[in-house]
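Residue strings, one per chain:
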Amino acid sequence: MMGIIHINQFGGMKMGVAKRDLPMDAGQRVDNLSPLVQTFTPLQEDSAPEVIEVFGTGPVKSMVRYKTDTKTLFGTTTVMNVARALAPDTDGSSVPKQRIYVTGDGTATSKPSVFWRENDYGDGRLLGVPPPTVKLKLTVVKKDPLTASNIGPAFDAVAYELWAGMEKLLVAQWQGQHASAARPGYLDCHTSGTAGYSLGMADEGNKAYQARVFGTAPDGGLDPFLAVSLPQARALMADLVNVPWISSALPSTTMWGHTLGSTKCAAIVFKAFYPTYTFARTGAVWDALLEITKPGLLDEPLLSARELNTMLDKVAEKFDIAKSTDLAQAVARFNFRYAVLTNLLDGKAGETTISNITAVLNSSAATDRINAAYTAFAGTVYDLMQSALGAVADPAKALVESGDALTLYSSNRATAVAAIIAAVKQELTGGASQVTTRPISSAKALLDAQKRVLYKAASASEAGKQAAVYQAALSLDFTPVLRAVYNATTPEAFGDLVDSSGSGLLTNAGGRLTAAAVVGACDLLETAHADVMAVYAEAINGVRSAALEYLTSIQVVERHGDLSGVELTETRAYTWTLVNNWGEESMPYLPGNGNTDAEFELLELDGNDEVLVQATMPTPTEITNYGYAKWRLYRSNSGSQASAFQLVFEKALTDNPVTDKKSNAALLESLASMTWEPPPVVNGKYLQGICALPNGFMAGFIDKTVYFSEVFRPYAWPSEYTHTFQYPIVGLGVFGQTLVVLTETGPWYLSGPEPASMSKEDTRSNQACVSARSICPVDGGVIFASPDGLCLASPTGIQVFLPAPTGKVAWADIDLIHVRDMQCAEHDGVLYFLYGHPEANGAMWLSAMHLQTGKLVNVHLGNANPPVRELSAIYADRSTDTLYGVLASTRQAVKLFTDTTRRRLASFRSKHLTLETYTGFGWLRVLGEQSATEPATVRVFGYAIRPDGTEVEVALTPAVGHYTVTNTLPVRMPAGRYLEYEVEVQSRARITGVTLASSTAELQAVP
């Protein structure tokens, strides 16, 4: 065999490697081939050009896809960084909206800005909510002095804190039907049986569980406690696997001789606990309650410790099962439904039991009781409504004239009672049965809605009576009578019918155990638990009224009436913030924060005095730039400058001046935005390089300093969240929870879950970043350009993965590379980068490298020969999975490689191939998809050495200078013997192999 050249791997180029030293699959020059595969696969052509809205004059350096009402693509003539974040639902549409946050080159013409998708608030606005810069004008309006002789208002001033403190003393302990060693059929998953939880915690997330365990006794026989066989249990569990709060998962541990999770055991886990509440009588909250009952300058508390204890005892009665009928009945229902479930799982009850109980509940005896309960209930509700309308001469006429008819009211008692019964019964039963199966909440909401419109019954002809009717309506309380009919119509109210004459319907009827029966029992148990919690919620809401009833009984106000003459005064400070129409709040006006006054103005005023507040509002330009819409007034609650400010009110910008008449007890939440500064400006330089980190905050830089935003508040950039470096920063990138800070001398890492806890790490690498536009996040790290090549910053450190060409001139100064203007973008695992000295319109060369295989190719848009530079910017849009390129000549964008009907003209020139001996080739064969419309053009070159030692290139081609191959048949080649060859292929078609052979036999031997 004389020799064969067979090329079936069309790899990429290798930077700085001589043509003879290239690997076999590499090429000297590779144009428009897909970097994703090793075959000769031309890249697809691009979409038609699209219009870009360009800001600025000159070449487009950055672009972003951002859909507004009329536009989609935007570009800038400066370096632009973009971070995206979902915005809160402020318009009630429940549709997530996306904001993009943009920074430029740090100059005044490219200030940090924010845009909202779909153009909801115009074309955008400047990022941040700058605080007020003018202090408030405050004027004290004197009123009658507040003295201890008027102790009632003084007590009102601390009442709110008293009620709140009492509620904080409430502690929940979980109760229920606990298991014991004597009844091994149940597993108590809560180790202690009772565990205290603060009232503020979500009780649904802290409930204990119980589990029904089925299995065999230690000796292998049938467990005497179990009436359900193990196969039956496993079949039941298979039916229940998707039922909420029922699970077959148990830890692998031993319980009563059973190894849970083994092949001999099965289990069903279900909720079986409810809380009881008690008041904690020790601790800081208790001590604070005693302290806050001593207002102003009084020498003794309003309540003694004994009296406070007595008041808590009175209030605690609402939480005591022994003293609260409603609570006792709710707990009894819970225990009854728990018994039904456990009897089902014990095999003592089944579908026959359920059927018998259902029959009893639908019997005439039960129906008579239910009708009587609803009739009494509806009559009482009607009478309460009628009493509220007692001041109206003609209620029916008044209701018609009000234009807001009361749907459950009629002047005819029988009609009204029937309407009330039908509406409430529907809410309590759902129409599925005649007994109550649903919580009380929806029925209560129905009656409360009727109560709110009662006051409208006063007609215009009865002026002066409407207020009285309104107060009478609001004073109505339907809860006791509604609770009574609820208690009288639940299934548990008919226990005497179910178990009459010792029939034992509940425990002895048996029947097949089914998943439907267990699910139904579980649902009833869950409803009973919700009812217990509803009774407790009503009790918590009644804390204040019960406390006031006791305080009235001991005449706490009257007994301090002899302290006349003691004036109750306070010292107060004010500040204010601005709020935009997205609900974003500025930091407050602070003395000394670039403002003229050095400290807060302190007002000495009596508790009855009022304060007239006048603010200097933003200018129309500022309102446009930042979207200001409202302002908030805050004041101190103790007079100390160091104390927390509390919200007085929020007003529209047009509501100014205003008068503050609020008591300290009526103040709202504390000021949260004390450190929420707008994006920084340092010596006229604005934030650059904005990027989003995974835990909801953003980063940017100015000169040598990195800044972070508040978590989920990209408009707030506290000054304490800063890190300063020794050398100027070029740009930022992100991988994981790490911010890569790329400086002029080397990279640094800042890592952490939140801006307040970011730690600095020196990578100890001298790979300086030379192009902000080259910074590109990729899977596992961040790519950037350095004088030594393209580098990857990753958790393992800094690596050069695309080295610069070696030689006498640095990479950054080579015309064909010129990394200082390089721009990178990653798309589908391929890194695309623009490089070279930009032409006047910004055009540069485009190359692409597959990050996994390292295949490097050139990319051209047109068919110019030789190729020309076409693009000034590239951009990968993640939301549409599209790579865009900006045409330098027209400042329009194309979607790269998206035309599925056309392919680029691709070319591949092989490495310099050196054979063992001088060889002549007679045949050329191209395997692929070439055709008459998409031929393959092949050039073959042989190399000879002249006597003077110089190399001569000889084209081994027909007269036309190349072979045009339209099929896979061999093509005859001219004579010639050479030691070294190069092969060049050009086509729009996919090619799998090119072969040069000396004879047809050799050609046929190649697969």
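Only a predicted model underlies this, so the values are computations on that prediction, with no experimental measurement involved.

Rules of the game
- Residues numbered from 1 in each chain as written.
- Predicted model: local features only at pLDDT ≥ 70, side-chain atom pairs only at ≥ 80, totals over all residues.
- Heavy atoms only, no water.
- Helix = DSSP H or I, 4+ residues; strand = E, 2+ residues; numbered from the N terminus.
- Buried < 20%, exposed > 50% of the residue type's maximum accessible area, 1.4 Å probe, protein only.
- Contact = heavy atoms within 4.5 Å.
- Areas by Shrake-Rupley, 256 points an atom, 1.4 Å probe, with all protein chains shown as cover.
- Core = buried A, V, L, I, M, F, W, Y, C linked by side-chain atoms within 4.5 Å.
- Expected span 1.5 Å × (residues − 1).
- Polar contact = N/O pair within 3.5 Å; in protein donor to acceptor, adjacent residues only side chain to side chain.
- Pairing = 2+ DSSP bridges.
- Axes fitted to C-alpha atoms, helices over the stretch in contact; angles between N-to-C directions.
- pLDDT = per-residue confidence, 0-100.
- Phe/Tyr/Trp six-rings, centres within 6.5 Å; stacked < 30°, edge-to-face > 60°.

Let us look at the overall build of the protein chain. In terms of regular secondary structure, the protein chain is built from 18 helices and 57 strands. Each of the 1007 residues in the protein chain was classed as buried or not, and the buried ones make up 48%. Within the protein chain, counting contacts between residues at least 6 apart in sequence, those at least 24 apart form 65% of the total. Carbon and sulfur atoms provide 53% of the accessible area of the protein chain, an area that totals close to 45100 Å².

Okay, the nonpolar core next. With 63 residues, the main nonpolar core has Leu790, Phe833 and Leu924 as its most contacted residues. Counting residues per element, this core draws most heavily on strand S42 (residues 830-835), which supplies six residues. Residues Leu138, Leu578, Val611 and Ala615 belong to the second largest nonpolar core, which totals 37 residues.

Attention shifts here to helix H9 (residues 413-429). Given a rise of 1.5 Å per residue, 17 residues ought to cover 24 Å, and the 24 Å separating the end C-alpha atoms of H9 matches this to within 8%. If you check which residues of H9 are buried, you get Ala416, Val417, Ile420, Ile421, Ala423, Val424, Leu428 and Thr429. Directly beyond the C-terminal end of H9, a positive phi value near 70° is found at glycine 430.

Our next topic: the side chain of threonine 738. Tracing the backbone through its elements, the reader meets threonine 738 in strand S34 (residues 738-743). Within the structure, threonine 738 has its side chain in polar contact with the side chain of serine 751 (distance 2.9 Å). Setting aside chain neighbours within four positions, we find threonine 738 in contact with Gly733, Tyr749, Leu750 and Ser751.

Burial of helix H12 (residues 479-489) is extensive: eight of the 11 residues sit out of reach of the surface. Those residues of H12 that sit buried are Thr479, Val481, Leu482, Arg483, Val485, Tyr486, Asn487 and Thr489.

The next point concerns the sheet that holds strand S37 (residues 776-778). Taken in spatial order, the four strands make up an open sheet running S37-S38-S39-S40, and their pairing is antiparallel. Two strands close off the open sheet at either side, each with one partner strand: S37 and strand S40 (797-803). Neighbour-to-neighbour, the strand axes of the sheet open up by a mean angle of 30°, direction not taken into account. In this sheet, strand S38 (residues 781-786) lies alongside S37 in antiparallel orientation, the contact comprising three bridges. For cysteine 776, the partnering residue across the bridge sits in S38 and is isoleucine 783.

Secondary-structure assignment places serine 586 in the loop between strand S21 (569-580) and strand S22 (602-606). As a C-alpha pair, serine 586 and alanine 716 span 130 residues in sequence and 7.8 Å in three-dimensional space. Not counting chain neighbours up to four residues away, the residues in contact with serine 586 comprise Val129, Pro130, Pro131, Pro132, Thr577, Leu578, Ser673 and Trp676.

The element strand S46 (residues 882-887) is extensively covered by neighbouring structure, given that six of its six residues are classed as buried. The alternating pattern of S46 places Thr882, Tyr884 and Val886 on one face and Leu883, Gly885 and Leu887 on the opposite face, and all of these are buried. In this sheet, S46 lies alongside strand S45 (residues 871-877) in antiparallel orientation, the contact comprising six bridges. In the strand pairing of S46, leucine 871 is matched with leucine 887. If you look at the hairpin formed by S45 and S46, you'll find four residues sitting between the two strands, and aspartate 881 has a positive phi there, around 55°. Where S46 lies against strand S47 (residues 892-895), four bridges are found, and the strand directions are antiparallel. If you follow leucine 887 over to S47, its bridge partner there is glutamine 892. Turn length for the S46-S47 hairpin, with the two strands adjacent in sequence and antiparallel, is four residues, and the turn residue arginine 891 shows positive phi of about 55°.

Per-residue pLDDT for the protein chain averages 76, and the proportion of residues at 70 or more is 69%. Of the regions scoring below 50 in pLDDT, residues 146-154 engages in 26 contacts with residues more than four places distant in sequence or in other chains. Scored below 50 in pLDDT, residues 500-508 shows 20 contacts in the model against residues more than four places distant or in partner chains.

Now for the packing of aromatic side chains. According to the stated counting rule, one finds 16 aromatic pairs in the structure shown. Aromatic pair phenylalanine 697 and phenylalanine 708: ring centres 5.9 Å apart, planes at 70°, arrangement edge-to-face. Of the two residues, phenylalanine 697 is situated in the loop between strand S29 (688-692) and strand S30 (698-702) and phenylalanine 708 in strand S31 (residues 705-708); the sequence distance between them amounts to 11 residues. With respect to burial, phenylalanine 697 and phenylalanine 708 carry one shared label: buried.

Glancing now at the environment of glutamine 329. Here glutamine 329 lies in helix H5 (residues 325-346). The class for glutamine 329 is partly exposed, based on a relative accessible area of 30%. Residues glutamine 329 and aspartate 531, 202 residues apart in the sequence, show an inter-C-alpha distance of 9.9 Å.

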